[in-house]
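A look at the structure
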Amino acid sequence: MASSSGPSLNEELQCSICLEVFTDPVTTPCGHNFCRTCLSKSWPNSHTCFCPLCKEKFSRRPKLKINTTLREVMQHFKEKLNLGETELFCDFCDERKQKAVKTCLTCQSSYCDSHLEPHRRVPRLKKHTLINAVEKLEDYICQKHERPLELFCRDDQTCVCLSCTEGEHRTHNTVSIEEESREKKNQLVQTQTDVHQMIQDRMKKIQEIKHSVELRKRNTEKERSSSVEIFTDLIRSIERCQSKQLKMMEEQQKAAEKQAEDLIKELHQEITELKRRNTELEQLSHIRDHLHLIQMSSSLNTRPHTKNWTEIRIDSDVNVNSLCRALTKLKKTLDETLNEKLTQTGLKFVQKFAVDVTLDPETADPYLILSDDGKQVSEGDIEQDVPKNPKRFDEFLCVLAKQGFSSGRFYYEVQVKGKTEWDLGVARESINRKKKTITLTPEDGVWTVALRNENQYKACERPPVSLSLRVKPEKVGVFVDYEEGLVSFYDVESRSHIYSFTGQTFTDKLYPYFSPGFNDEGKNSNPLIITPVSTLMD
């Protein structure tokens, strides 16, 4: 990894992984530059090769080559920085000044290798404090006592000399400069490790977010395909019904035409017969033989036998009422089909957010009996000996789950088979648990659906909303979308929607809420049972 060159570096010359000056810079296919070592460490295997900056994925691990142009720029930049450094010379060289290698804080002078020799040999001088050659010697000398700053006061967080520890820093916690330096280096190493871990964590989080978006995109495409299939089936159903209705109308029209044709034919036959009779009567009227006239008229004087056509007609109007009834029935069928399919799709969707819920015995009313696994609750008629605590409902027959949720979505299912009374839903954490009577309304922090008197269902709004259910639910699903302010209830067995609280605003943590109702002399003895969620089959 690269080494730091100071805070004045241009960001374009820094690796975005280690945030330091490039060392052996390499370029990815997407055009971004990194230290070769940094990039190699970020690619632990050949299956996850992507640019750490723009996250572009590479199908194969790229062959990394040194960016020679960028490396030359870096070398030029470093040389330019080095030109700004001041070279320090020995204070004791007379003619040709030699470069100083050490500064003696005791002597307050800088020495080259030759003039430093006495400090390495003479016992008295060997006790002096030597440091790497520095230009501003006053920074290393106590301005008050003119002695080397050899100690560090941790109380005042400042460097001090020995004389300082005999005065105002006498009772302070002081350590050697070397010890404090080691401590600071250890802290820097730890900080650097923490920062590096933070970088890695954030890179990982970026991948998680991208993966979530990609997963959501796939799920959206799947749900979109399912929705298209549903509406395509409905359109086909409409087309089939339309075709059937039109065919029926055509058949009715043909039947009317055939009836008219038969009636007209029959009328023509009667007209022909009547004309023949009229001709005979006309001839008879001219007969002069009285006897013959009387004899013939007895057979012709009777009225011809014909149909009474007064009440016979062909209805020219289509039976609109019948058609409207058929269309209304069709619409109702389609609505029920649509609602059923959409509910099935909705239930299938919310079941993806199933969570494992267990009852919290510390919240249970003393009259409630909980199973050992925390999955069943019923009313026991006898008050249990339970410890008092702020979480417990002392006067109201209910219990909360251990699990609370302050964001996202969650779903759970409860078996209510054979019960005559129950309440299910969610409650906010801050609900008053010591009141004898709790108003089951959203205003008081409870969102529930309830059963009363065996077959009276209601949503506990203010005022309550009566629910007309086609079938008696045996298993109820509860779904919550915290951010959307939604609490929905489903009949799992019939895959139908029961009720939804919408447009709510949640601020507290929400807990699943259960009330099995009173035992009622055994009529309502069945427990509420939290059951595993079994996803609907396609």
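Please read these numbers as outputs of a predicted model, since none were measured by experiment.

1. Topic: the overall build of the protein chain
- Each helix and strand counted, the protein chain has 8 helices and 21 strands in total.
- By residue count, 31% of the 538 residues in the protein chain fall in the buried class.

2. A few points about unusual backbone geometry
- In this model, R462 is joined to P463 through a cis peptide bond whose omega is 0 degrees.
- Looking at the element boundaries, P463 is found in the loop between strand 15 (456–459) and strand 16 (465–467).
- Phi at D24 is positive, roughly 50 degrees, even though this residue is not glycine.
- Relative to the helices and strands, D24 is located in the segment before strand 1 (25–27).
- Exposure remark for D24: the relative accessible area of 29% places this residue in the partly exposed category.
- We note that E146 has phi near 55 degrees; this positive angle belongs to a residue other than glycine.
- Turning to its location among the elements, E146 is positioned in the loop between strand 5 (130–132) and strand 6 (151–153).

3. Regarding the sheet that holds strand 5
- One open sheet accounts for 3 strands, arranged 4-3-5; its pairing is antiparallel. Of all strands in the sheet, those bounded by a partner on one side alone are strand 4 (109–111) and strand 5. Strand-to-strand, the axes of this sheet are offset by a mean angle of 35 degrees, without reference to chain direction.
- Where strand 3 (residues 102–104) lies against strand 4, 3 bridges are found, and the strand directions are antiparallel. Bridge pairing in strand 4 links C104 to S109.
- Running at roughly 110 degrees to strand 4, helix 3 (residues 113–121) makes contact with strand 3, strand 4 and strand 5 of the sheet.

4. Some points on the pairing of strand 13 (residues 422–428)
- Most of strand 13 is tucked away: 6 of the 7 residues are buried.
- Of the pairings in the sheet, the one linking strand 13 to strand 14 (residues 446–452) comprises 6 bridges and is antiparallel in character. Within the sheet, the bridge partner assigned to V426 lies in strand 14 and is W447.

5. Describing the pattern of salt bridges
- Considering all chains together, one arrives at 16 salt bridges under this definition.
- With a shortest N-O distance of 3.7 Å, R36 and D24 are connected by a salt bridge. Taken together, the positions of R36 in helix 1 (residues 36–42) and D24 in the segment before strand 1 put the pair 12 residues apart, joining distant regions of the chain.
- We note a salt bridge from R462 to D444, for which the minimum N-O separation is 3.6 Å.

6. A word on the pairing of strand 19 (residues 496–501)
- Buried residues dominate strand 19, accounting for 5 of its 6 residues.
- Connecting strand 18 (residues 486–491) to the antiparallel partner strand 19 that follows it, the hairpin turn spans 4 residues, and R495 within it adopts a positive phi of roughly 55 degrees.

7. Remarks on the sheet that holds strand 21 (residues 528–531)
- The 7 strands are arranged 9-10-21-12-17-18-19 in an open sheet whose pairing can be described as antiparallel. Looking along the sheet, the strands with just one partner apiece sit at the ends: strand 9 (368–370) and strand 19. Neighbour to neighbour, the strand axes of the sheet diverge by 20 degrees on average, direction disregarded.
- Inspection of the sheet shows strand 9 paired to strand 10 (residues 376–379) by 3 bridges, in the antiparallel sense. Directly across from I369, in strand 10, lies its bridge partner S378.

8. Description of the environment of V414
- With respect to the helices and strands, V414 occurs in strand 12 (residues 409–415).
- In this structure V414 comes out as buried when scored by relative accessible area, which is 0%.
- Placed 60 residues apart in sequence, V414 and E474 show a C-alpha to C-alpha distance of 8.6 Å.
- The contact partners of V414, leaving out residues within four places of it in the chain, are L424, E474, K475, V476, F514, L528, I529, I530 and T531.

9. Section: the side chain of T531
- Among the structural elements, T531 can be located in strand 21.
- Each residue touching T531, except ones within four places of it in the same chain, is listed here: E413, V414, Q415 and K475.

10. What to know about the state of the cysteines
- This structure, assessed with the given rule, holds 0 disulfides.
- The cysteine C30 is free of any disulfide, with C51 supplying the nearest cysteine sulfur at 3.5 Å.
- Exposure remark for C30: the relative accessible area of 22% places this residue in the partly exposed category.
- With relative accessibility at 0%, the residue C51 sits in the buried group.

11. Topic: the confidence of the model for the protein chain
- Model confidence for the protein chain is summarised by a mean pLDDT of 83, while 86% of its residues fall at 70 or above.
- Low confidence marks residues 1–9, where pLDDT is under 50. Its contacts with residues over four positions away, or in another chain, come to 20 contacts.

12. Observations concerning helix 6 (residues 177–284)
- For helix 6, which comprises 108 residues, the first-to-last C-alpha distance of 157 Å matches the rise-based estimate of 160 Å (1.5 Å per residue) to within 8%.
- Three or more residues of helix 6 are buried, namely E180, I199, M203, E223, I230, L234, S237, Q245, L263, E270, R277 and L284.

13. A few points about the packing of aromatic side chains
- For the structure on display, the rule yields 11 aromatic pairs.
- Ring plane angle 15 degrees and centroid distance 4.0 Å describe the contact between F405 and F410, whose orientation is recorded as stacked.
- On the basis of relative accessibility, which here comes to 16%, the residue F405 falls in the buried class.
- In this structure F410 comes out as buried when scored by relative accessible area, which is 1%.

14. Description of the side chain of D481
- Relative to the helices and strands, D481 resides in strand 17 (residues 475–481).
- Here E484 takes part through its backbone nitrogen, which lies 3.2 Å from a polar atom of the side chain of D481.
- Setting aside chain neighbours within four positions, we find D481 in contact with G408, R409, L486 and F506.

15. Thoughts on the environment of Y411
- Assignment of secondary structure puts Y411 in strand 12.
- Each C-alpha atom of the pair Y411 and V480 lies 6.5 Å from the other, and the pair is 69 residues apart in sequence.
- Here Y411 is in contact with L347, V350, Q351, F353, A354, V355, G477, V478, F479, V492 and V533, once residues within four sequence places are set aside.
- Of the polar contacts made by the side chain of Y411, one reaches the side chain of E413; its length is 2.6 Å.

Scoring rules and cut-offs
- Residues numbered from 1 in each chain as written.
- Predicted model: local features only at pLDDT ≥ 70, side-chain atom pairs only at ≥ 80, totals over all residues.
- Heavy atoms only, no water.
- Helix = DSSP H or I, 4+ residues; strand = E, 2+ residues; numbered from the N terminus.
- Buried < 20%, exposed > 50% of the residue type's maximum accessible area, 1.4 Å probe, protein only.
- Pairing = 2+ DSSP bridges.
- Axes fitted to C-alpha atoms, helices over the stretch in contact; angles between N-to-C directions.
- Contact = heavy atoms within 4.5 Å.
- Salt bridge = Lys/Arg side-chain N within 4 Å of Asp/Glu carboxyl O.
- Disulfide = S-S within 2.5 Å.
- pLDDT = per-residue confidence, 0-100.
- Expected span 1.5 Å × (residues − 1).
- Phe/Tyr/Trp six-rings, centres within 6.5 Å; stacked < 30°, edge-to-face > 60°.
- Polar contact = N/O pair within 3.5 Å; in protein donor to acceptor, adjacent residues only side chain to side chain.

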